[in-house]
2 protein chains.
Amino acid sequence: MTGYKKSRIREAILETLKGTRTHPPADWVWEEVKKIYPSATLATVYRNLHILESQGKILALDVGQGEKRYDGFVHHHAHFVCRKCGEVYDCEIKEGSFAKGMNIPGEVEAFQLTLYGVCERCMTKVMFPTGQSGKKQDKRER
Amino acid sequence: MTGYKKSRIREAILETLKGTRTHPPADWVWEEVKKIYPSATLATVYRNLHILESQGKILALDVGQGEKRYDGFVHHHAHFVCRKCGEVYDCEIKEGSFAKGMNIPGEVEAFQLTLYGVCERCMTKVMFPTGQSGKKQDKRER
DNA sequence: ATACATGCAAATCATTTGCGCAGTC
DNA sequence: GACTGCGCAAATGATTTGCATGTAT
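In what follows, the accompanying structure is described. Within each chain, residues carry numbers counting from 1 in the order of the written sequence. Here every chain gets a letter starting at A, and every ligand a number starting at 1, in the order they are written. For this predicted model, a pLDDT threshold of at least 70 governs which residues receive local features, and a threshold of 80 or more governs which side-chain atom pairs are given and counted, while totals over whole chains, interfaces and linings are taken from all residues. Each side-chain value is worked out from all heavy atoms of the structure, with water and hydrogens disregarded.

### Let's talk about the overall build of chain A
Logical step 1: The number of helices and strands found in chain A is four helices and five strands.
Logical step 2: What counts as a helix is a DSSP run of H or I of at least four residues, what counts as a strand is a run of E of at least two, and both are numbered from the N terminus. Listed N to C, the secondary structure of chain A is α-α-α-β-β-β-β-β-α in terms of helices and strands.
Logical step 3: Restricting the contact set of chain A to residue pairs at least 6 apart, pairs at least 24 apart contribute 58%.
Logical step 4: In the form shown here, chain A has an accessible surface area of approximately 8,300 Å², with 53% of it arising from carbon and sulfur atoms. Residue contacts are counted whenever heavy atoms from the two residues lie within 4.5 Å of one another. With residues, only the protein chains shown are counted as cover, and all accessible areas are computed by Shrake-Rupley using a 1.4 Å probe.

What follows is the structure in C-alpha cells.
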C-alpha cells in the first residue's frame, strides 16, 4: 500500500521545492522540472506532489488564490500573504504558543496559520491612481 | 463604486449563513436560498457571496477540500477540520495571543488559523476495517 | 514478472463571465 | 432613466483520471 518506487521526477520536484522559499504553484514546479526532464507532464507533477504531501515531505498551502502553493519546508511556520502583490512570506512561530487556551474538539495533527495584509515592500511603494492592483501578476517571473 | 442596492437574495444568503455554524459550501447555501427564492441561481449566489465577503459581513474559508466554505460569524476564531468526517468546528481564540514573538513582514489585516486532525466524535467511533474513509460524504446532509 | 510511474488526452468540479432582461433608486 | 441585480448558458482554470506504455525492483 505504501510501496513507492524511486522516481527521478519525484526527486526533482522535491529538490525544486527545497531549493526555493517562494511557495510556488504546481505549474511553476512543472516548468522547473521540465528544464531537467522535458517530457514531464503537469499531470505527473500533480500526482507526485500528492505523494510527497502524503509522505509529509512537503506542504500544500491554500492561500485563497484559487491555486495551491507548495512548500518544501515542513517545520512549523506561518505564512503572510500580501493582498497587493500576492507574495507569500514565511513567519517564524513560537512553538505551541498560540494553541494555548483554545477549546479544540479533537487531536491536532497539523495546522495552517495564514496572515493576510499588505507587506512592507508594498506599503513603502508609491501608489499611482491608475487602478492597477498587481494582484494578478505573472506567476512565471519569480 | 460601492453602490450596492438592496437585494433579497443577498439578504437571504446572509441570514442563511448567520443561521448556521456548519461553515457550508456555496452549493449548500444555494439549496437553502432556493427554498425561499426558487428561481435563484448558483451564479447569483456566488456573486453575492463575493459581495458579502468584500463588505466584511462573511468569511470565505479555504479548508483544503477543493471548495470554499462560508462563515457568517466574523469575530476572530479558528477552525478545526476533521480529516475523517470533514466536519469544520469553531475554536475560540485568545485575542492576540498567537501573533506574539512572530516576525511579520507587513501589516496584518486578517488571518486564518486552521487546525487539522481527528475530531472527538470520530475518535470514539468504532472503526470497521471495510476501508470507508468517510472523507467524501454527502454535502447536502447537514 | 509485477507493481508503480509516466505521457497523453479527455473528464471533472468549483467558480466565473457575457448577455439580455428585470428590479431598485 | 441609470445603474445594479438576476437567470441562463457557456467559458474558464486548476486539478484529476483512464488507459496504454515505460521503468524500477
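From this point on, the discussion continues.
### What about the protein's contact with DNA strand D?
Logical step 1: A molecule or strand has a residue near it when one of that residue's heavy atoms lies within 4 Å. Every one of the 23 residues lining DNA strand D counts as a neighbour, but Tyr46 and His50 of chain A together with Lys5, Ser7 and Arg10 of chain B are closest to it.
Logical step 2: A share of 68% of the atoms of DNA strand D within 4 Å of the protein falls on sugar and phosphate groups.
Logical step 3: If you list the elements that add at least two residues to the surface near DNA strand D, you get helix H3 (42-54) of chain A together with helix H1 (8-18) and helix H3 (42-54) of chain B.

### Observations concerning the relation of the copies chain B and chain A
Logical step 1: When the copies are superposed, the least-squares fit takes in the C-alpha atoms of residues with a pLDDT of at least 70 in both. Of the two same-sequence chains, chain B is brought onto chain A (RMSD 0.1 Å, axial shift 0.0 Å) by a rotation of 180°. The two molecules are tied by a two-fold rotation axis, judged by turn and shift.
Logical step 2: Both copies share a contact surface, since 97% of the interface residues of chain B are interface residues in chain A too.

### Re the interface of chain B and chain A
Logical step 1: Contacts between the two partners involve 36 residues from chain B, matched on the other side by 35 residues from chain A.
Logical step 2: As used here, buried area is the combined drop in accessible area, with a 1.4 Å probe, of two parts when they are placed together. Buried surface at the junction of chain B and chain A, both sides included, amounts to about 3,000 Å², of which 58% is carbon and sulfur.
Logical step 3: Salt bridges are counted wherever a side-chain nitrogen of Lys or Arg sits within 4 Å of a carboxyl oxygen of Asp or Glu. Counting every contact that joins chain B to chain A gives two salt bridges.
Logical step 4: Note that Arg83 of chain B is salt-bridged to Glu109 of chain A, the shortest N-O span being 2.6 Å.
Logical step 5: In the analysis that follows, any N or O atom pair within 3.5 Å is treated as a polar contact, provided that within protein one partner can donate a hydrogen and the other can accept it, and provided that, for residues neighboring in sequence, both atoms belong to side chains. At the boundary of chain B with chain A, the tally comes to 16 residue pairs in polar contact (both at pLDDT 80 or more).

### Describing the nonpolar core
Among soluble globular proteins, nonpolar side chains are generally buried collectively.
Logical step 1: In terms of nonpolar packing, the biggest core is built from 28 residues, with Leu113 of chain A together with Leu113 of chain B touching the most fellow members.
Logical step 2: Among the elements of the structure, strand S3 (77-82), strand S4 (88-92) and strand S5 (106-119) of chain A together with strand S3 (77-82), strand S4 (88-92) and strand S5 (106-119) of chain B are those that each provide at least two residues to this core.
Logical step 3: Throughout, nonpolar core names a set of buried Ala, Val, Leu, Ile, Met, Phe, Trp, Tyr and Cys residues whose side chains join them through atoms within 4.5 Å. Each residue is assigned to one of three classes by its accessible area relative to the maximum for its type, calculated with a 1.4 Å probe on protein chains only: buried under 20%, partly exposed between the two thresholds, exposed over 50%. Counting residues in hydrophobic clusters, the runner-up holds 17 residues, among them Ile13, Trp30, Val33 and Val45 of chain B.

### As for the pattern of salt bridges
Residue and element names in this part refer to chain A.
Logical step 1: Under the definition given, this model contains ten salt bridges over all chains.
Logical step 2: Measuring nitrogen to oxygen at the nearest pair gives 2.6 Å for the salt bridge that ties Arg21 to Asp90. Placement of Arg21 in the loop between helix H1 (8-18) and helix H2 (26-36) and of Asp90 in strand S4 is noted, with a sequence separation of 69 residues between them.

### Topic: unusual backbone geometry
Residue and element names in this part refer to chain A.
Logical step 1: Phi at His23 takes a positive value of approximately 50°, unusual for a residue other than glycine.
Logical step 2: Assignment of secondary structure puts His23 in the loop between H1 and H2.
Logical step 3: His23 gets classed as buried once you look at its relative accessible area, which sits at 2%.

### Some thoughts on the protein's contact with DNA strand C
Logical step 1: Within the structure, DNA strand C sits among 24 residues, and Gly3, Lys5 and Arg10 of chain A together with Tyr46 and His50 of chain B are positioned closest to it.
Logical step 2: A share of 63% is what sugar and phosphate atoms reach among the atoms of DNA strand C within 4 Å of the protein.
Logical step 3: Here a phosphate oxygen of DNA strand C sits 3.2 Å away from a polar atom, N or O, in the main chain of Ala40 of chain A.
Logical step 4: For the surface near DNA strand C, the secondary structure elements donating two or more residues are H1 and H3 of chain A together with H3 of chain B.
Logical step 5: If one sorts the elements of the surface near DNA strand C by residue count, H3 of chain B sits on top with five residues.
Logical step 6: Split by residue class, the surface near DNA strand C holds seven nonpolar, eight polar and nine charged. Classification convention: Asp, Glu, Lys, Arg as charged; Ala, Val, Leu, Ile, Met, Phe, Trp, Tyr, Cys, Pro as nonpolar; all other residues, Gly among them, as polar.

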